[in-house]
Amino acid sequence: MAARDETSDSTFTEEERAAMREHAAEVKASRKRGTSKAEKAALAAQAVVDKIAAMPEPDRGLAERIHRIALEVAPDLAPKLWYGMPAYAKDGTVVFFFQDATKFGARYATLGFQDPAALDDGSFWPTSFAVTPEFSQDDERTVAELIGRAVG
């Protein structure tokens, strides 16, 4: 896990501050004047592809596979960056995201689902999943099923 800077009185790690800066830049880019909605969507989708390409292995391979699954299962979702992570949104709201392990110094990548994901199962259900390099074809099928359920 990322270490906190003990020399400052900040409650955020450097990684957390970097994610907030990335999010601010994403918001600013999404408000770019003179760009059509289609152009903004294309730029956002390309930013996701570029972000994935910049990830170190094995996270890059995992993110590529999840990106492919997302586009196949839920083509209506819009890829976009969210706090510097590949995310997939419905009507502008993030449904799920992929967090590479290096993002916050974790030991595994994460596939996380936000509130709009229709994964409700009683009064207790998971909203994120660890994704390891051993990600199998069975795991791909599980992710496809989760994404399908998440978008309704």
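Because the structure is predicted, anything quoted here is derived from the model rather than measured.

So, how was this worked out
- Residues numbered from 1 in each chain as written.
- Predicted model: local features only at pLDDT ≥ 70, side-chain atom pairs only at ≥ 80, totals over all residues.
- Heavy atoms only, no water.
- Buried < 20%, exposed > 50% of the residue type's maximum accessible area, 1.4 Å probe, protein only.
- Helix = DSSP H or I, 4+ residues; strand = E, 2+ residues; numbered from the N terminus.
- Pairing = 2+ DSSP bridges.
- Phe/Tyr/Trp six-rings, centres within 6.5 Å; stacked < 30°, edge-to-face > 60°.
- Core = buried A, V, L, I, M, F, W, Y, C linked by side-chain atoms within 4.5 Å.
- Contact = heavy atoms within 4.5 Å.
- Salt bridge = Lys/Arg side-chain N within 4 Å of Asp/Glu carboxyl O.

Thoughts on the pairing of strand β3 (residues 93–99)
- Taking burial as the measure, the seven residues of β3 include six buried ones, the bulk of the element.
- One ladder, built from four bridges, connects strand β2 (residues 85–90) with β3; its direction is antiparallel. Residue pairing across strands places Lys-90 opposite Thr-93, the latter belonging to β3.
- Taken together, β2 and the strand that follows it, β3, pair antiparallel across an intervening segment of two residues, in which Asp-91 is found at a positive phi of about 55°.
- Of the pairings in the sheet, the one linking β3 to strand β4 (residues 109–113) comprises four bridges and is antiparallel in character. What sits directly across from Phe-97, in β4, is Gly-112.

Some details on unusual backbone geometry
- The amide bond that connects Glu-57 to the next residue, Pro-58, takes the cis arrangement and shows omega of 5°.
- Positionally, Pro-58 belongs in the loop between α2 (37–54) and α3 (59–73).
- Located in the positive-phi region is Tyr-83, a residue other than glycine, with phi close to 55°.
- Here Tyr-83 is to be found in the loop between β1 (78–82) and β2.
- A relative accessible area of 29% places Tyr-83 in the partly exposed class.
- Here Asp-91, not a glycine, exhibits a phi torsion of approximately 55°, which is positive.
- Relative to the assigned elements, Asp-91 resides in the loop between β2 and β3.

Topic: the packing of aromatic side chains
- Inspection of the entire model under this criterion finds five aromatic pairs.
- Ring centres of Trp-82 and Phe-97 lie 5.1 Å apart, and the angle between their planes is 50°; this geometry places the pair in the tilted category. Residue Trp-82 is found in strand β1, and its partner Phe-97 is found in strand β3; the two are separated by 15 residues along the sequence. Summarising the burial analysis for this pair, Trp-82 and Phe-97 share the class buried.
- Pairing Phe-113 with Phe-129 gives two aromatic rings, centres 6.2 Å apart and planes at 90°, and the pair type is edge-to-face. In this pair, Phe-113 sits in strand β4 while Phe-129 sits in strand β5 (residues 128–131), placing the two residues 16 residues apart along the sequence.
- Residue class for Phe-129 comes out partly exposed when judged on its relative accessible area of 28%.
- Taken together through their ring pairs, the aromatic side chains of Tyr-88, Phe-96, Phe-113 and Phe-129 make up a single cluster.

Focus: the nonpolar core
- Membership of the largest hydrophobic core comes to 26 residues, with the highest contact counts inside it found for Tyr-88, Phe-96, Phe-98, Leu-111, Phe-113, Val-131 and Ile-147.
- The set of elements that each furnish at least two residues to this core consists of α2, α3, β3, β4 and α4 (137–150).
- Take this core: its biggest share by element is five residues, from α3.
- Non-local contacts of Val-131, meaning those with residues more than four positions away in its chain, are made with Leu-62, Ile-66, Tyr-108, Ala-109, Thr-110 and Leu-111.
- Ranked by size, the runner-up nonpolar core spans five residues in total, among them Trp-82, Met-85, Ala-87 and Phe-97.

Digging into the pattern of salt bridges
- One pass over the full model with this rule turns up eight salt bridges.
- One salt bridge connects Glu-14 with Arg-21, and the closest N-O pair in it is separated by 2.8 Å.
- Here the residues in one salt-bridge network are Arg-65, Arg-68, Glu-72 and Glu-140, joined through shared partners.

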